[in-house]
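Given next are the chains, with one letter for each unit.
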Amino acid sequence: MFRRNFIAAITAISATTGIAALSATTALAAPEDFADMEPVELRLAHVVNEQDGFHIAAEKFRDLVDERTGGKISVEIFPNASLGDERTLLEGMQIGSIDMGIITNGPVSNFLEEMAVFELPFLFPSREAAYSVLDGEIGQELLDRLSEVNLKGLAYAERGFRNLTNSQRAVSSPADMEGMRIRVMENPVYIDTFRALGANAVPMAWTEALTAMQQDTIDGQENPVNVVDSFKLDETQDYMTMTRHTYAPALFVMGLPIWSQLDEAAQDVLVEAAREASAYERDMNAQMEEKQLDALRERGMEINTDPDLAAFQAKVQPVYDQYGEQFGDYLDRIRSELN
């Protein structure tokens, strides 16, 4: 009975959130199954603050893991880049000095380049379209391939649809961006996307970007609404344009060294907790976006909700010409699924 109820419950979660269910052959362990287990403490790191969706997902994950293992696996959260930027965190996971993290997809693709296919500009028309690909066969295949670089992908949370902010002027079309110094993630797809749009793309870690905006060494950046609000970017950025130019996943990811030390029951708990925490964060992001936009407007940010998206899309076609073949058949498979 437990087995049937568990599978039914996870199937329901999958139908409403897009999170893939566990295999029907796997039943989640109960807390008493971990009674004889030696306690394990996992260090989970991320680079954003406690108001951000990453932290919300991390706390949900911590609580689920604690509950389902009877406290035998505990999770300590390290926010605010206290253990390093995202590249540093991933490198630490590879060698076993950091256990796990919630990491934006862009830096992950520096380790497995095919992951960057998800962030091609204007690829996904909606959140739901992105979820169907990420939580389906293609997304799972790429999560599994992270083992090639000594990492273990657990689930896709989200950074979300990214939008442009800047301190100089309102932007309605690519022509308005000409020459702007825009911070982007240290990822070739982002760099070439913003160069195609006429901006001076400046790749740098997020912690450096915050200082650069305060010192006016960059004019702008691109991130989802939740980041703009939680980091109060309106204090340095007067304008936001809802370009929604890229949907950025984020990953619950572990180092293969620590993953390999856990037994199968513990691994199953971590995967399912990551999936449920990711679904929770996605739902929270969707619910909070309008309130966050209203808060930004009240604090004085000018928000353009109707830019010339056709002009933006036309400008980034060279990015597809440049990277299409690099991703093997992943781009064709994604387009086929979306259509």
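See the structure printed just above.
Residues numbered from 1 in each chain as written. Predicted model: local features only at pLDDT ≥ 70, side-chain atom pairs only at ≥ 80, totals over all residues. Heavy atoms only, no water.

Trainee: Sorry if this is basic, but what is going on with the pairing of strand E3 (residues 100–104) here?
Mentor: One face of the sheet, then the other: side chains in a regular strand alternate in exactly this way. Burial runs high along E3: five of the five residues are buried. What you see with E3 is no split at all: Met-100, Ile-102 and Thr-104 on one side and Gly-101 and Ile-103 on the other are buried throughout. Note: strand E1 (residues 40–45) against E3, two bridges, orientation parallel. The partner of Leu-44 across the bridge, within E3, is Met-100. (Buried < 20%, exposed > 50% of the residue type's maximum accessible area, 1.4 Å probe, protein only. Helix = DSSP H or I, 4+ residues; strand = E, 2+ residues; numbered from the N terminus. Pairing = 2+ DSSP bridges.)

Trainee: Would you mind showing me how to read the environment of Arg-275 here?
Mentor: Checked against the element boundaries, Arg-275 lands in helix H11 (residues 264–298). Spatially, the C-alpha atom of Arg-275 lies 7.4 Å from that of Leu-154, the residues being 121 residues apart in sequence.

Trainee: Which parts of the structure should I look at to understand the packing of aromatic side chains?
Mentor: Each pair of aromatic rings is reported with the distance of its centres and the angle of its planes. By the definition in use, this model includes seven aromatic pairs. Arranged with centres 5.1 Å apart and planes meeting at 40 degrees, the rings of Phe-61 and Phe-252 form a pair that is tilted. In this pair, Phe-61 is assigned in helix H2 (residues 53–68) and Phe-252 in strand E8 (residues 239–255), connecting sequence segments 191 residues apart. Overall, the relative accessible area of 0% leaves Phe-61 in the buried class. When its relative accessible area of 0% is taken as the criterion, Phe-252 is described as buried. Measuring from ring centre to ring centre gives 5.2 Å for Phe-161 and Tyr-247, while their planes differ by 70 degrees; the resulting arrangement is edge-to-face. Of this pair, Phe-161 sits in strand E4 (residues 151–166) while Tyr-247 sits in strand E8; the two residues are 86 residues apart in sequence, bridging distant segments of the chain. Among the aromatic residues, those joined into a ring-pair cluster are Phe-124, Tyr-131, Phe-161 and Tyr-247. (Phe/Tyr/Trp six-rings, centres within 6.5 Å; stacked < 30°, edge-to-face > 60°.)

Trainee: Help me understand the packing of helix H5 (residues 127–134) against H11 in this model?
Mentor: A pair of packed helices is characterised by two quantities: the angle between their axes and the separation of those axes. It is the contact of H5 with H11, at a shortest axis distance of 13 Å, that shows an interaxial angle of 170 degrees. Looking at the two axes, H5 sits roughly antiparallel to H11. In this structure, H5 contributes Arg-127, Tyr-131 and Leu-134 to the contact, and H11 contributes Arg-282, Asn-285, Ala-286 and Glu-289. Along the lines of polarity and charge, the residues of the contact of H5 with H11 split into three nonpolar, one polar and three charged. (Axes fitted to C-alpha atoms, helices over the stretch in contact; angles between N-to-C directions. Parallel < 35°, antiparallel > 145°, perpendicular 65-115°, else oblique. Contact = heavy atoms within 4.5 Å. Nonpolar A, V, L, I, M, F, W, Y, C, P; charged D, E, K, R; others polar.)

Trainee: Help me out: how do you make sense of the side chain of Lys-152 in this one?
Mentor: Checked against the element boundaries, Lys-152 lands in strand E4. No salt bridge is formed by the buried Lys-152. Its closest oppositely charged neighbour is Asp-144, at 4.3 Å. Once you skip the residues sitting within four places of it in the chain, Lys-152 turns out to touch Asp-144, Phe-252, Val-253, Met-254, Leu-256 and Trp-259. (Lys, Arg positive; Asp, Glu negative; His and termini not counted. Salt bridge = Lys/Arg side-chain N within 4 Å of Asp/Glu carboxyl O.)

Trainee: Could you clarify how one ought to interpret empty space enclosed by the protein in this entry?
Mentor: The gaps of empty space that remain are located by a probe, the size of a water molecule, rolled over the atoms. A full pass over the atoms with the stated rule returns three cavities of 30 Å³ or more. Empty space within the largest cavity amounts to approximately 260 Å³. Residue lining of the largest cavity: 21 residues in total, with Glu-86, Pro-107, Arg-183, Met-185 and Trp-206 positioned closest to the centre. Listed by contribution, the elements that provide at least two residues to the lining of the largest cavity are helix H3 (86–95), E4 and helix H8 (206–214). (1 Å grid on protein atoms, 1.4 Å probe; cavity = no way out; pocket = protein on both sides within 12 Å on 5 of 7 lines; lining within 4 Å. Points joined across faces, edges and corners; volume = space filled by probe spheres on them.)

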